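# Understanding the architecture of this molecule
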Amino acid sequence: MNSNLIALVTGGNKGIGREIAAQLARLGHTVIIGARTQQRGEEAAAQLRDEGGDVTAVVLDVTDQASVEAAAEAVEERYGRLDALVNNAGISNQPGADFAGQLPRSADVDHVRYVFETNVFGVITVTSAFLPLLRASKTPRIVNVSSSAGSLSAISDFANPDPIAVGYVPSKTALTSVTMMYARDLHPEGILVNAVCPGFIATDLNNHHGTGTPRDGARQAVAMTIIDTDGPTGTFTDVNGPVAW
Ligand SMILES: NC(=O)c1ccc[n+]([C@@H]2O[C@H](COP(=O)([O-])OP(=O)(O)OC[C@H]3O[C@@H](n4cnc5c(N)ncnc54)[C@H](OP(=O)(O)O)[C@@H]3O)[C@@H](O)[C@H]2O)c1
């Protein structure tokens, strides 16, 4: 078990990300909450500090290169390294846009691109910016919060009752693939990279239609964040084990 990891959770101000931050803090780890605004990040961090956690916040919009770079600089100044990067921030829809834009029959490519900017390109942007700080760690690991909704075996099943969404679902297929590319490329450096699925969790992302709680949804991300340095890399799991791919 790793002691006192310094962990950054993107989108850590609410939903599953906030619970990942809370659970890591309760285990005694140092947590940095990445949030799009200072206010949202500080409010979440202050609540967790009130519970005794070692938690700070940093402004971080995964779609804004300057914001990501500034966040990496802030973490470097504050801690000099990063042990765990949890790429949790994600969206299901472009805010305010009609979901019809994600139906193949009426697809709006700008809407689809918007979702990919956050869920896929944002992860690459953030990971690139924080790699130097992960390399300064003796226990570097990355956890990407993906979704079984993007599993090829699920999306090719015509009996699958899940919503068809040409933005969100393929963005998670891509994110799991991106995870495997990083896992293989960073393996020689000892950086562990894994994808997790939180389950169907009631959050703002799905208008609270999920069946699990954020506490449930955080569990596998936390488990993969605190793995030993000789732990797995290049996996895609949920609380029940490997996710079909
Ligand atoms: N809920 C589920 O059933 C479920 C299932 C599978 C996978 N997931 C994945 O779990 C992750 C967390 O989702 P959630 O359900 O907890 O959703 P949520 O409650 O809507 O939280 C999403 C978080 O991501 C942040 N975010 C969105 N766009 C961002 C950006 N451009 N830069 C930085 N942060 C950004 C949000 O910040 P703001 O507060 O500023 O909006 C918020 O903190 C996502 O990757 C999602 O795809 C969720």
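Below is a summary of the structure that appears in this document. (Residues numbered from 1 in each chain as written. Predicted model: local features only at pLDDT ≥ 70, side-chain atom pairs only at ≥ 80, totals over all residues. Heavy atoms only, no water.)

Let us look at the nonpolar core. Ranked by internal contacts, the top residues of the largest apolar core, which has 30 residues, are Val9, Ile20, Leu24, Val31, Ile33 and Val55. If you tally residues by element for this core, the top one is helix α1 (residues 15-26), at six residues. Counting residues in hydrophobic clusters, the runner-up holds 29 residues, among them Ala71, Val112, Val126 and Tyr182. (Core = buried A, V, L, I, M, F, W, Y, C linked by side-chain atoms within 4.5 Å. Buried < 20%, exposed > 50% of the residue type's maximum accessible area, 1.4 Å probe, protein only. Helix = DSSP H or I, 4+ residues; strand = E, 2+ residues; numbered from the N terminus.)

Turning our eyes to something else, we now look at α1. For α1, with 12 residues, the first-to-last C-alpha span of 17 Å sits near the 16 Å given by 1.5 Å per residue. Across the 12 residues that make up α1, a large majority, 10, are buried. Among the residues of α1, Ile16, Gly17, Arg18, Glu19, Ile20, Ala21, Ala22, Gln23, Leu24 and Ala25 are the ones counted as buried. Where α1 ends, the next residue or the one after it, Gly28, has phi of about 95 degrees, a positive value. (Expected span 1.5 Å × (residues − 1).)

In this section: the packing of α1 against helix α7 (residues 214-225). Interhelical geometry of α1 versus α7 gives an angle of 55 degrees and a closest axis separation of 8 Å. Between α1 and α7, the interaxial angle falls into the category oblique. As for the relative orientation of α1 and α7, their crossing is right-handed in sense. When α1 is examined against α7, the residues Gly15, Ile16, Glu19, Ile20, Gln23 and Leu24 are found in contact with a partner set consisting of Pro214, Arg215, Gly217, Ala218, Arg219, Ala221, Val222 and Thr225. Here the contact of α1 with α7 is built from residues that sort into seven nonpolar, four polar and three charged. (Axes fitted to C-alpha atoms, helices over the stretch in contact; angles between N-to-C directions. Parallel < 35°, antiparallel > 145°, perpendicular 65-115°, else oblique. Left-handed = near helix turned anticlockwise from the far one by under 90°. Contact = heavy atoms within 4.5 Å. Nonpolar A, V, L, I, M, F, W, Y, C, P; charged D, E, K, R; others polar.)

Okay, the site of the ligand next. As a structural note, the neighbourhood of the ligand is formed by 29 residues, with Asn13, Arg36, Arg40, Asn88 and Thr203 the closest of them. Between the ligand and Tyr168 there is a distance of 2.8 Å, counted from an oxygen atom to a side-chain nitrogen or oxygen. Between an oxygen atom of the ligand and a main-chain N or O atom of Gly199, the distance comes to 3.3 Å. Where the shell around the ligand is concerned, the elements lending two or more residues are α1 and α6 (168-186). (Near = heavy atom within 4 Å. Polar contact = N/O pair within 3.5 Å; in protein donor to acceptor, adjacent residues only side chain to side chain.)

Right, let's get into the packing of aromatic side chains. Scanning all chains against the criterion turns up two aromatic pairs. For the pair Phe116 and Phe121, a centre-to-centre distance of 6.3 Å together with 45 degrees between the ring planes defines the contact as tilted. (Phe/Tyr/Trp six-rings, centres within 6.5 Å; stacked < 30°, edge-to-face > 60°.)

That is the geometry; function is a separate question.
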